[in-house]
Amino acid sequence: MGFNIYIFIIAIVVVGIYLYINKNKEKKHEEKRYDLIVIFKEEKYTDIRNNNYLNQLADWSYYSKKGFRGFCLQTKEELERTIIRELALEKNDFEIINGDPGLYVPS
């Protein structure tokens, strides 16, 4: 009887370790997303939701009269280069900021 309890406890520990290892493997495969806000200059406003490639990077939401917010697969710097390439804009035609609500209030 005592031997069966030890086998049972060992089986529970082994299953627990197995589940812990598999959970950590899943986390490694999750895509990191960056909360970013894209704000366009008045004369260069573009609805980025109309660009197929940019839509693959994030689910963009209308954020203000001139901006969009999304959880993007690219970093701020990567997204900046992508917008310049995809929308044929200059760097000073828009601004990208981190989506921390304490840093930005839409105007």
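Residues numbered from 1 in each chain as written. Predicted model: local features only at pLDDT ≥ 70, side-chain atom pairs only at ≥ 80, totals over all residues. Heavy atoms only, no water.

Draft legend 1. Looking closely at the packing of aromatic side chains. Applying the stated criterion to the full structure yields four aromatic pairs. Summarising the aromatic geometry, the rings of Phe-40 and Tyr-45 are spaced 6.2 Å apart at their centres and angled 80 degrees between planes, so their arrangement reads as edge-to-face. Taking relative accessible area as the criterion, Phe-40 reaches 2% and is therefore assigned buried. On the accessibility criterion, Tyr-45 (33% relative accessible area) is partly exposed. With 6.0 Å between their ring centres and 25 degrees between their planes, Tyr-45 and Phe-68 make a pair best called stacked. Taken together, the residues span a long stretch of sequence, with Tyr-45 in the loop between β1 (34-40) and α2 (52-57) and Phe-68 in strand β3 (residues 67-72) at a distance of 23 residues. Each member of the aromatic cluster is reached from another via a ring pair, and the members are Phe-40, Tyr-45, Tyr-62, Phe-68 and Phe-94. (Phe/Tyr/Trp six-rings, centres within 6.5 Å; stacked < 30°, edge-to-face > 60°. Buried < 20%, exposed > 50% of the residue type's maximum accessible area, 1.4 Å probe, protein only. Helix = DSSP H or I, 4+ residues; strand = E, 2+ residues; numbered from the N terminus.)

Draft legend 2. Highlighting the pattern of salt bridges. Throughout the structure, instances matching the rule amount to four salt bridges. For Asp-35, the salt bridge identified is with Arg-69, shortest N-O distance 2.7 Å. In this pair, Asp-35 is assigned in strand β1 and Arg-69 in strand β3, connecting sequence segments 34 residues apart. Two residues, Lys-91 and Glu-80, come together in a salt bridge whose shortest N-O distance is 3.5 Å. In this pair, Lys-91 is assigned in the loop between α3 (76-87) and β4 (94-98) and Glu-80 in helix α3, connecting sequence segments 11 residues apart. Judged by relative accessible area, which is 54%, Lys-91 ranks as exposed. Given the relative accessible area of 23%, Glu-80 is considered partly exposed. (Salt bridge = Lys/Arg side-chain N within 4 Å of Asp/Glu carboxyl O.)

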